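Next come the chains, spelled out residue by residue.
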Amino acid sequence: MSWSSIHGHDAARDQLRTAYRRGRMAHAYLFCGPSGVGKRRFALEFAKALLCEAPPEDLTACDRCAACVQIAAGTHPDCSFVRKPDDKQELPVDTIRELIGTLGLKPSRGSRKVAVIEDADDFNAESANAFLKSLEEPPPGTTIILLATSADAQLATIRSRCQVIPFAPLSDSAIEKVLADHGVRDRATLDRLLKLAGGSAERALALNDPAVLDLRSAMIAFLSSSRPQSAPLLEVWAKFIEDAGKESAAQRRRASAALGLAVDLIATALRLALGGDVAGLEPADADKLRRCAERVGVDSLMELLDRCLDADHLVDRRVQLVLLTELVVEKFGRAVAPAVTDRR
Ligand SMILES: [Zn+2]
């Protein structure tokens, strides 16, 4: 297993390994890239490689020693993963102070410690300030890894103290490997998921669900109806998100997957409106989306596409998902309904 379980991001791994061999590791890294591409999994593998007690080669975990097993189980005393509480919009200063306290203690097992901060986008001024000294001069043997969606979104004081490692959207072949790891091997399903994944393995996995097909049908029905009803669409959409369970991160993944579905359908309708091809689309769906394109028009579809992309951005900004979903469904209604009114 070890690095072989990480699909994509070879450049990032090679960069870290080269630095390790040259004895030039940074003490703080900022992993930057879109959500769902596997930054957290990569950070976990990196942590294992740093703390492994019997590494088979440089910066590679054995996956068998006590340290590797503990990290995989989330119980290694010298490896901390920190995230903001589910009910908080920002990374609270208390969470950071607690981490600083932990980092100040001597390592329990070996001579190294690793801390991963999963929500670096959500530092507020207070928690960022509290963390600056640790970032600049961590205790000896400590490696700090911040996970973020973009370097630009970070406070300059944080960014300047970290080495930035960019994470790109995943290639189709990398996503296919992740899906295969999760038992998805059927070609038609793979093709459908890859088309909708947008470079995110997490999104592809979230979309591998019969509920996705229900939501997609509801969206197509709404877009193609001459009398679209918002309530049924909202109900299916909200249920799709709720069914992710209570955990906020899982709900956000689903909310983002739903918006990805919407974006794909609207983009398909736009392609049809502009006379493009629809390879891979069911003929019945193509007919419906063509009707939608004719009635709604390119301008309104473009507008709706923008609103969905804006909303997807907001999913990561921790707005209330119920409100966001209502807002998006309302935008759907506004895009589709005026055309209906015009025809009366
Ligand atoms: Zn090991």
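No experiment lies behind these values; they were computed from the predicted model shown.

Rules and cut-offs
Residues numbered from 1 in each chain as written. Predicted model: local features only at pLDDT ≥ 70, side-chain atom pairs only at ≥ 80, totals over all residues. Pairing = 2+ DSSP bridges. Helix = DSSP H or I, 4+ residues; strand = E, 2+ residues; numbered from the N terminus. Axes fitted to C-alpha atoms, helices over the stretch in contact; angles between N-to-C directions. Contact = placed C-beta atoms within 7 Å. Parallel < 35°, antiparallel > 145°, perpendicular 65-115°, else oblique. Domains from an automatic or database assignment. pLDDT = per-residue confidence, 0-100.

## Examining the sheet that holds strand S5 (residues 163-166)
- Spatial strand order, S2-S3-S4-S1-S5: five strands in an open sheet with parallel pairing. A strand with exactly one partner marks an edge of an open sheet, and here the two such strands are strand S2 (79-82) and S5. Strand-to-strand twist in this sheet, taken as the mean axis angle between neighbours without regard to direction, amounts to 20°.
- As paired strands, S2 and strand S3 (residues 113-117) are joined by four bridges and run parallel to one another. If you follow Val-82 over to S3, its bridge partner there is Ile-117.
- On the sheet, helix H4 (residues 93-104) packs against S2, S3 and strand S4 (142-148) and is oriented at approximately 175° with respect to S2.

## A look at the packing of helix H11 (residues 230-242) against helix H12 (residues 248-273)
- Direction vectors running N to C along H11 and H12 enclose 140°, while the axes themselves pass 8 Å from each other. On the basis of the axis angle, H11 is oblique to H12. In this structure, H11 contributes Trp-237, Phe-240 and Ile-241 to the contact, and H12 contributes Gln-251, Arg-254, Ala-255 and Ala-258.

## Topic: the domain arrangement of the protein chain
- Domain annotation for the protein chain reports domain 1 (2-166) and domain 2 (209-343).
- On a C-alpha basis, the centres of domain 1 and domain 2 stand 37 Å from each other.

## Quick word on the confidence of the model for the protein chain
- Scored by pLDDT, the protein chain comes out at a mean of 90, with 97% of its residues at no less than 70.
- Per-element confidence in the protein chain ranges from a low mean pLDDT of 79 for helix H15 (residues 321-343) to a high of 98 for S3.
- Scored below 50 in pLDDT, residues 340-344 makes two contacts in the model with residues more than four places away or belonging to other chains.

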